[in-house]
Amino acid sequence: MKTYEDARATLEELELIENAVTSRLRRNPEIFYRNIDEVDLVEHSGRFDHIPSSQKSANKVYTVKKSRRSRKQILAQEHEIKSFLSQYLKDCQSLGRVEFDMSEYRVDNGSVNKLLEHIERIKEIHPKDDEFGDQYAMFSSSTPSNKNIISRKAQNLDINSYFTRDEQYGEYLDLEPFHQKWLSVVKNGDVTLLQFLSEVEKFTDQRYLLQPAVNRNSSRYREFVASLHHYLSDYAARAYPLLSWDLIHAKAQELYHTNVAKPIPSGESGVFCIPCDKRFKTDTVYNAHLPGKRHVGNLHKNSSFLTQEHSLHIFCRYLSRELARTREFVERKLAFTTEERTQELERLTDIYDSPVYGRQEQEDAQEDENKETEDKEDSVLDSSMNLPLGPDGFPIPYWLYKLQGLDIEYPCELCGNFVYNGRRQFDKHFGEQRHVFGLRRLGIEPSASFKGVTKIDDAKQLWSHLRSTSSGRVSSEGKLEVEVEDEDGNVMSKKVYDELKKQGLL
Ligand SMILES: [Zn+2]
Ligand SMILES: [Zn+2]
């Protein structure tokens, strides 16, 4: 039987959970903002349109004067919050079952002793606050040598049990196993991973219906859809644990029923009927076929597969950012040298194997520091209010900045020591005006050979080398002979010119 005391303890726990969730959101607003971004994708409701995007990205990164949480930490905390919330729900349900025994708490007339007894009991109860507080607080189990961002309550939470290394805590999708499956669906071993990703991207809109790579009725295709759908819906729930995926699944079902009953515009060739997998020249013909045996039969026969395929389409839309990041990562990997690929693999493995909260990170120190440090932090904050800029000149989130390697600086002496952020921008700049102008200023005619050269001395040396092997002549000592012209336009070496001049023959 639940008693007053149980109810009191439960209410107290509810409050502690609320505080625990609040403190995490306050410390790292990105937990909130990254989820509303996803809700926008899921709902299309414009529920958060009133929040300017600048504010969203600014809050994601910099409103807190503390070190930024890594993706691994964010996901670990989100899964932790999720476990808190499920406890919260259980608590709320248990409160409904509380039966009060009033007699225990009734104070008889004049029985002061009993009252005092109660007061003593309340005092005894009090220390429990701290016990609970510790359990839900961040860093509760920290010791100087072993810090853990996760509370004692959720200490068994292992974020690596939710993600594989290659998924990087929801950064990328691990689609390589599905690429293998796809090869047997299309019965073509030549389809590259990138080509396969394009096929998956067809599911983000209606191209999967209008331009399917294979017959959508084939059993292999259907098996493939089932397994990819299973992976993506599971992934979505792991990558965004705080969203109500049960509701989202239900919504996808609902959308299916409206979608399947609608003709899909199919470019110039009329409309497309999903259950019949067939094009119709006009709406009239389409409408006429709806009550027919064939359409009704197709709808009935294919309904469970079509629901799943539609759900896959919805999940691809929800995960479109993850898909895009995965594609970009695959493209980047293809451009890597073997060494770079090894390095990248090591980096990902390091992130995966390292503790959620690194030893070097200084959270508590910053929290406890006095005013002086706060001032210092203020100045750090001020300068960091400038979000990192992407290649298009707009602020981008820090993780993307890191992903694109924009934190790596490439200075170029030929451009007056201008610093390029990120390999892509740097590689591109050799054909751009600033760089070309820098070369011309040194008397060098830009050509493909100068790509990659950033030092003035190197450029000069290469220029003289190029001239010596093409138009210039090399003297016996291996030095370049400078050619000069006399007044009549006769070309001769400077040495000869000087000799003749000395003799007064010119
Ligand atoms: Zn039909
Ligand atoms: Zn340059």
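Going by the annotation in an unreviewed UniProt entry, the name recorded for the protein is KLTH0C08888p, with Lachancea thermotolerans given as the source organism. What UniProt states about the protein under its Subcellular location (unreviewed entry) heading is, verbatim, "Nucleus". Checking UniProt for the protein, the heading Sequence similarities (unreviewed entry) contains the comment "Belongs to the SF3A3 family."

(A) Seen up close, the overall build of the protein. Helix and strand content of the protein: 22 helices and seven strands. Across the protein, contacts joining residues at least 24 apart in sequence account for 62% of those joining residues at least 6 apart. Carbon and sulfur atoms provide 52% of the accessible area of the protein, an area that totals close to 29800 Å².

(B) Seen up close, the coordination of the zinc ion (ligand 1). Taken together, C273 (SG), C276 (SG), H289 (NE2) and H295 (ND1) make up the protein donors of the zinc ion (ligand 1), found 2.0 to 2.2 Å from the metal. Here the zinc ion (ligand 1) is ringed by four donor atoms whose angles at the metal span 95 to 116°, and the overall shape comes out tetrahedral. Between consecutive donor residues of the zinc ion (ligand 1), the sequence gaps follow C-x2-C-x12-H-x5-H. In this pair, C273 is assigned in strand β2 (residues 271-273) and H295 in helix α13 (residues 293-318), connecting sequence segments 22 residues apart. One exposure class covers both C273 and H295, and it is buried.

(C) Representation of the confidence of the model for the protein. Per-residue confidence for the protein averages 81 on the pLDDT scale, and 77% of its residues sit at or above 70. Contacts from residues 59-63, a stretch scored under 50 in pLDDT, to residues over four places away or in other chains number 19 contacts. In the model, residues 364-385 has pLDDT below 50 throughout and makes 13 contacts with residues more than four positions away in sequence or in other chains.

Definitions and limits used
Residues numbered from 1 in each chain as written. Chains lettered and ligands numbered in written order. Predicted model: local features only at pLDDT ≥ 70, side-chain atom pairs only at ≥ 80, totals over all residues. Heavy atoms only, no water. UniProt positions renumbered as here; feature names shortened; annotations may be inferred. Helix = DSSP H or I, 4+ residues; strand = E, 2+ residues; numbered from the N terminus. Contact = heavy atoms within 4.5 Å. Areas by Shrake-Rupley, 256 points an atom, 1.4 Å probe, with all protein chains shown as cover. Donors = N, O, S within 2.8 Å, 3.2 Å for Na, K, Ca; no water. Tetrahedral: all angles 85-135°; square planar, octahedral: opposite > 155°, others 65-115°. Buried < 20%, exposed > 50% of the residue type's maximum accessible area, 1.4 Å probe, protein only. pLDDT = per-residue confidence, 0-100.

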